[in-house]
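A structural walkthrough
Residue strings, one per chain:
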Amino acid sequence: MKRSTAEAAFLERLDRHRGIPRKVAGAYCRNPADREDCAAEIVAQLWRSYPRYDPAKAFSTWAWRIAVNVAISFYRRGRAEAERAVPVDGGAFERLASGEPEPTESLERLYALVARLDEFDRALVVLYLDDRSYAEIADVLGITQTNVATKLNRIKLRLKQWSESWTSTN
Amino acid sequence: MDLDELKTLWAANDPAFAAGLRVERAEALSAKAERRIWFELALDAIAILLIGSYAADTIGDPKFAIPAILLGLYAVGFAIARSRQLVALNTLDYGEPVLEIAKALRGMRARRATAVRWIALTAPLLWVPLQIVGFRAFFGIDAYATFGVPYLAANAIFGLACIPVGLWLAKRFGARFGETSVARAFADDLTGRAFTDAIASLERAQAYAREG
């Protein structure tokens, strides 16, 4: 079926930022199959919200906002299952079924650390890891840049402590 | 390993994040959500039309018209609550800042929990009007004449008794259902736990924005 002009423009923009759905989904879902569902739901919501997108503003900031909003809703809806279903075999079977690419061991470790944060701090960390500016992080979350800096400092301290205790126990 | 070291690791995984995103699945999900909304609204409309038509047919006979009007008002109230929820959800702009959306969604969740609680608690009271209307509409039976007023009064008392029993059951056994199951969600709505949770999480979102 031939795609409409709007759909083609949307897909072209999405293609330039196609990592966003999976980056955000990874921070909120530990199970690989859930990650794929969450990423698909993010793309669906991006498309549904696309008529409201203002081309004068950055597509990436808008896409990050939608991705985080959807992922938080997804996470809250299935939190118990998501937390319980930590894959015992590294998620190999689920990944095989979902078609998700194999993450490195360090990336899984990173996800595990991020999963210990609350839902808003997770978004903050993912945006920071993705090298977004404080201004953009503040814009996505709806807080001040000073607040971003303060929260990031606290998170850095906590992550460092967790990482050290992880290293000493493994 | 600190956050800045993790940044390097994150960047190294960039191709993996971008690989094989399934747009077709997203399209299917979007269409499914839309279909479900229209299906629910169609069911509400059919119920209101059927009850309204019955009430109009029996308008000259208050003993049948009044129960039908009660059921109709309940159905209209239910449809309004559901429509408001659907409109709010569909007009919600997910492109707004995360904390704004979190606050809006949690406020909606609290209102929905209140609506479901009231609907569920008052539903047993409709058992008698439902019998009067149902027997007459589907089988042509006059419940007043066939079963007698004492039977209907006993049913009304039964309906009233169901309210505290239902609340007790929801409190006692609600936690046994899986946290994401429909039964658990209903039990949480009924006992007011869902409302309390929604308000607590709304306050967390507000506090997050305030913290320095």
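For every chain, the first residue of the written sequence is number 1, and numbering continues from 1 onward in sequence order. For naming, the first written chain is A and the first written ligand is 1, with later ones following in the order written. Two thresholds apply to this predicted model, a pLDDT of at least 70 for residue-level local features and 80 or more for giving and counting side-chain atom pairs, whereas whole-chain, interface and lining totals are computed over all residues.

In this section: the overall build of chain A. The numbering of helices and of strands both runs from the N terminus, where a helix is a DSSP run of H or I of at least 4 residues and a strand a run of E of at least 2. A tally of regular secondary structure across chain A gives 10 helices and 0 strands. The N-to-C order of helical and strand elements in chain A reads α-α-α-α-α-α-α-α-α-α. As a rule, residues whose C-beta atom has 12 or fewer other C-beta atoms within 10 Å are exposed, those with 20 or more are buried, and those in between are partly exposed; C-beta atoms are placed from the backbone. Sorting the 170 residues of chain A into buried and exposed places 44% on the buried side. A pair of residues counts as a contact when their C-beta atoms, built from backbone coordinates, are separated by no more than 7 Å. Once local pairs closer than 6 in sequence are excluded, the contacts in chain A between residues at least 24 apart make up 68%.

Below, the discussion takes up helix 2 (residues 19–28) of chain A. With 9 of 10 residues buried, helix 2 of chain A is to be regarded as a mostly interior element. Those residues of helix 2 of chain A lying buried are Ile20, Pro21, Arg22, Lys23, Val24, Ala25, Gly26, Ala27 and Tyr28 of chain A.

What follows is about the environment of Thr114 of chain B. All names here are of chain B. Its place among the elements puts Thr114 in helix 5 (residues 98–122). Taking the C-beta count within 10 Å as the criterion, Thr114 has 16 such neighbours and is therefore assigned partly exposed. Along the sequence, Thr114 and Ala56 sit 58 residues apart, while their C-alpha atoms lie 32 Å from each other.

Before going further, it helps to spend a moment on the domain arrangement of chain B. Interfaces are often sized by the amount of accessible area the parts lose when they come together. Residue and element names in this part refer to chain B. For every domain, the bounds stem from an assignment made automatically or drawn from a database. The assigned domain composition of chain B is domain 1 (23–91) and domain 2 (96–212). Facing 12 residues of domain 1, the contacting portion of domain 2 comprises 12 residues. When residues of the side of domain 1 that touches domain 2 are assigned to their parent elements, the largest contribution, 11 residues, is made by helix 4 (residues 62–91). Tallied by class, residues from the side of domain 1 that touches domain 2 come to 10 nonpolar, 1 polar and 1 charged. We call Asp, Glu, Lys and Arg charged. Ala, Val, Leu, Ile, Met, Phe, Trp, Tyr, Cys and Pro are nonpolar, and the rest, Gly among them, are polar.

Residues and elements named next belong to chain B. Fitted lines through C-alpha atoms give the axes, limited to the stretch in contact for helices. The angle between two N-to-C directions lies from 0 to 180 degrees. Direction vectors running N to C along helix 4 and helix 5 enclose 165 degrees, while the axes themselves pass 11 Å from each other. Comparing the axis directions of helix 4 and helix 5 gives the class roughly antiparallel. Judged by the sense of rotation from one axis to the other, the crossing of helix 4 with helix 5 is left-handed. Here helix 4 contributes Phe78, Ala81, Gln85 and Ala88 to the contact with helix 5, which in turn contributes Met108, Arg112, Ala115 and Ile119. Oblique is the label for any angle not under 35 degrees, not over 145, and not in the 65 to 115 range, which are roughly parallel, roughly antiparallel and roughly perpendicular in turn. By definition, turning the near helix anticlockwise from the far helix through less than a right angle yields a left-handed crossing, and turning it clockwise yields a right-handed one.

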